[in-house]
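Given next are the chains, with one letter for each unit.
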Amino acid sequence: MTETEINADYLVVGAGAMGMAFADVLLTDSNATIALVDRLDKPGGHWNHAYPFVRLHQPSAYYGVNSRKMGEDRLDMSGRNKGMMELAGANEILAYFDTVMRRDFLPTGRVQYFPQCEYKGDGQFRSVVNGDRFRAKTKKTVDATYMKVRVPQVTPPQFEVAEGVEVVAPNRLGAIGNAYECFVVVGAGKTSFDSCLYLLDLGVDPDRILWVKPREAWLIDREKMQPEGFGGPTLVQNMMEQTAAVAASTSLQDMFKRVEEIGGLIRIEEDMDPTMYRCATISQAELKDLRRIKNVIRMGRVTRIDPGQMSLERGKASCPKNSLFINCTADGLERRPKKPVFDGDHITLQAVRPCQQLFAAAMIGYVECTVADEARKNELCQPTPHPDSTADYLTFIQDMMRGQMLWSTDPDLHKWLLAARLDAMTTESFAATLEGRGPMTPEALQTMIQTAMAKVSAYHKEMLAKAA
């Protein structure tokens, strides 16, 4: 075993999507050198463990690194995403990040890449293959792992499993070798949607699917968040319409009613009040098929599974003994505590616009390259934890509008945002409104946003008071 000293301006810990998006901007907007360390053998982070049938739930046009587009900027012509911008799958995403590393990063001569290395802290890391040790002498360390993205393949079930019960991650669905009487999908997030739809695609009768849903979710209609210039409603239009609906509302209940009526939020069960909001998107075709599954258990989270029986937080439920349980309970994007993004010689990558982590990593990279004052950096890059509950939908609206208006007052940042491929919000139409060239005057826009934010703040306090 040896110990080698590494010299670079930045040590980026984590070659997942956020680490790659941050490093990409450093390479584009500065002359910095980078040491990139990751415990996996390929870049792409959690995508290395993703189930094979997963696809992005946002257009590929918003994903990846800023300097290289993902996909072909085309519409899907078949399937449940037909007529909307393409959604990259797991293999395509992994190939993309591998291409970025091999063709864009390494040829610059400014990136040193250390796969299959475990970071030990204080600039030290070691190879998990041969035990060689490295010590990095750098100006700053960048934590690209703070978001702790987890997927079922590498996350054990958070409930007890008795002997004789078969519980698998969604990855195993592509290699089913038995005919099961029942498929029990455990979880209520995007992974559970994908698993249910995959089973339906395999020809499983909806009546043979049992769906355990601890919570119902508010969802985003994917048709309403398409990139500008490709036809159809855009994310900017959607957010402006939602803001207007919030501003016009007279109560918390009225606000959700108005937002749902304009299609800003949708739900699978129309007679169930959602208590969850996690920015998941869905198409109308997906919604229609998920509604075919009628066997739904709503008794809280699973605590234990025995042959023929599930124990849940609010009771027990029976199921056929010949059942396959699909564990979709991993918290892919947990609600992490806020930390200062910039803290001396340490940078912690976090979302600075709700639910747009890669855009956030790229913007943090740009701010690091162009802004000298740390207080100003942190003012521009205020963390926005991933939403979880319906109360978080209110802070989601607030954070979206607050950030957008703040960034528009910085001419250099606003110019960069307009040109940033990963930014779905700062579009020409939004800029036109800010400059008085749109359907609404800048003063009217400002008034609408201020009114909406004031109401959101009041509704949020109301929801927290009821919960207490």
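Structural data are supplied above this passage.
All figures in this text were calculated on a predicted structure; none of them were measured in a lab.

**Student:** Whenever I open this one, the overall build of the chain confuses me. Can you help?
**Tutor:** Of the regular secondary structure elements, the chain holds 12 helices and 21 strands. Taken over the C-alpha trace, the chain has a radius of gyration of 23 Å; the compact-globule value for 468 residues is 23 Å, and the two agree within 12%. If you line up the chain on its principal axes, its C-alpha atoms span 65 × 60 × 50 Å. Burial status across the chain gives 56% buried among its 468 residues. Considering only contacts within the chain whose residues lie at least 6 apart along the sequence, 72% involve residues at least 24 apart. In the structure as shown, the chain presents an accessible area of about 20200 Å², 48% of it carried by carbon and sulfur atoms. Across the chain, the mean location of the 55 positive side-chain charges is 2 Å away from that of the 60 negative side-chain charges.

**Student:** Looking at this structure, how should I read the sheet that holds strand β6 (residues 124–127)?
**Tutor:** Hydrogen bonding along the main chain pairs the strands of a sheet, whether they run parallel or antiparallel. Spatially, four strands are ordered β1-β7-β6-β5 in an open sheet, and the strand pairing comes out mixed. For this open sheet the edge positions go to β1 (3–7) and β5 (117–121), each flanked by a neighbour on one side alone. On average, each strand axis in the sheet is inclined to that of its neighbour by 25°, with strand direction left out of account. Strand direction decides the pairing type here: β6 and strand β7 (residues 133–137), joined by three bridges, are antiparallel. Note that in β7 the partner of Gln124 across the bridge is Arg135.

**Student:** It is not clear to me how the state of the cysteines should be interpreted in this structure. Could you clarify?
**Tutor:** A covalent bond bridging the sulfur atoms of two cysteines is what the word disulfide describes. Enumeration according to the criterion identifies one disulfide in this entry. The partner cysteine of Cys279 in its disulfide is Cys355, sulfur to sulfur 1.8 Å. An S-S torsion of about 65° defines the bridge between Cys279 and Cys355 as right-handed. In this pair, Cys279 is assigned in strand β14 (residues 276–282) and Cys355 in the loop between β21 (346–348) and α7 (357–370), connecting sequence segments 76 residues apart. Taken as a pair, Cys279 and Cys355 share a single burial class, namely buried. With no disulfide partner, Cys182 has as its closest neighbouring cysteine sulfur the one in Cys319, 6.8 Å distant. Between Cys381, a free cysteine, and Cys369, which holds the nearest cysteine sulfur, the sulfur-to-sulfur gap is 11 Å. The exposure class assigned to Cys381 is buried, which follows from its relative accessible area of 1%.

**Student:** Quick question: what am I supposed to make of a negative patch on the surface here?
**Tutor:** Residues Asp343, Asp345, Asp373 and Glu374 make up a contiguous surface patch of negative charge. Of note, Asp373 is situated in the loop between α7 and α8 (374–380).

**Student:** Please clarify how the nonpolar core should be interpreted in this entry.
**Tutor:** Nonpolar side chains in soluble globular proteins generally cluster together in the buried interior. Ranked by size, the top nonpolar core spans 90 residues in total, and within it Trp47, Phe97 and Met363 carry the most contacts. Setting aside anything within four residues of it in sequence, one finds Phe97 in contact with Ala17, Met20, Pro43, Gly44, Trp47, Tyr63, Gly64, Val65 and Leu358.

**Student:** Honestly, the side chain of Thr155 in this entry has me stumped. Any pointers?
**Tutor:** Mapped onto the fold, Thr155 is located in the loop between β8 (140–143) and β9 (160–161). Leave out the neighbours within four places in its chain, and Thr155 touches Arg150, Asn327 and Ala330.

**Student:** Help me out: how do you make sense of helix α9 (residues 390–408) in this one?
**Tutor:** An α-helical turn contains 3.6 residues, so a residue and the one three or four places further along point in the same direction. Between its first and last C-alpha, α9 extends 28 Å over 19 residues, near the 27 Å set by a 1.5 Å rise per residue. Here α9 lies mainly inside the structure; 16 of its 19 residues are buried.

**Student:** Is there a simple way to think about the packing of aromatic side chains in this case?
**Tutor:** The relation between two aromatic rings is expressed through the spacing of the ring centres and the mutual angle of the planes. Within this structure, the stated rule accounts for 17 aromatic pairs. Measuring from centroid to centroid gives 6.4 Å for Tyr10 and Phe22, while their planes differ by 70°, and the two rings are edge-to-face. Of this pair, Tyr10 sits in strand β2 (residues 10–13) while Phe22 sits in helix α1 (residues 17–29), and the two are 12 residues apart along the sequence. A network of ring pairs unites the aromatic residues Trp218, Phe256, Tyr277, Tyr393 and Phe396 as a single cluster. One residue, Lys213, lies across the ring of Trp211, its end atom 4.2 Å from the ring centre. Cation over ring: Arg353 sits above Phe359, and NZ or CZ is 4.1 Å from the ring centre.

**Student:** I'm lost on the pattern of salt bridges in this one. Help?
**Tutor:** One side chain can pair with another of opposite charge once the charged atoms of both are near each other. In total, this model carries 36 salt bridges according to the counting rule given. Between Glu160 and Arg304 there is a salt bridge, with its nearest N and O atoms 2.8 Å apart. Here Glu160, found in strand β9, pairs with Arg304, found in strand β16 (residues 302–306); they are 144 residues apart in sequence, far enough to count as distant. Across the salt bridge formed by Asp392 and Arg335, the nearest N and O atoms sit 3.6 Å from each other. Here the residue Asp392 occupies a position in helix α9, and Arg335 occupies one in the loop between β19 (323–327) and β20 (342–343), the gap between them amounting to 57 residues. Its relative accessible area of 9% is what places Asp392 among the buried residues. Through salt bridges with shared partners, one network takes in Glu72, Arg74, Asp76 and Glu86.

**Student:** Sorry, what's going on with the environment of Phe134 here?
**Tutor:** Tracing the sequence through the fold places Phe134 in strand β7. The sequence separation of Phe134 and Tyr119 amounts to 15 residues, and the corresponding C-alpha distance is 9.4 Å. Beyond its immediate stretch of four places on either side in the chain, Phe134 contacts Thr4, Ile6, Phe114, Cys117, Gly123, Gln124, Phe125 and Ser127.

Calculation criteria
- Residues numbered from 1 in each chain as written.
- Predicted model: local features only at pLDDT ≥ 70, side-chain atom pairs only at ≥ 80, totals over all residues.
- Heavy atoms only, no water.
- Helix = DSSP H or I, 4+ residues; strand = E, 2+ residues; numbered from the N terminus.
- Rg over C-alpha atoms; globule rule 2.2 N^0.38 Å.
- Buried < 20%, exposed > 50% of the residue type's maximum accessible area, 1.4 Å probe, protein only.
- Contact = heavy atoms within 4.5 Å.
- Areas by Shrake-Rupley, 256 points an atom, 1.4 Å probe, with all protein chains shown as cover.
- Lys, Arg positive; Asp, Glu negative; His and termini not counted.
- Charge placed at Lys NZ, Arg CZ, Asp CG, Glu CD.
- Pairing = 2+ DSSP bridges.
- Axes fitted to C-alpha atoms, helices over the stretch in contact; angles between N-to-C directions.
- Disulfide = S-S within 2.5 Å.
- Patch = residues over 30% accessible without salt bridge, like charges linked within 9 Å, V, L, I, M, F, W, Y side chains within 5 Å.
- Salt bridge = Lys/Arg side-chain N within 4 Å of Asp/Glu carboxyl O.
- Core = buried A, V, L, I, M, F, W, Y, C linked by side-chain atoms within 4.5 Å.
- Expected span 1.5 Å × (residues − 1).
- Phe/Tyr/Trp six-rings, centres within 6.5 Å; stacked < 30°, edge-to-face > 60°.
- Lys NZ or Arg CZ within 6 Å of the ring centre and 35° of its normal.

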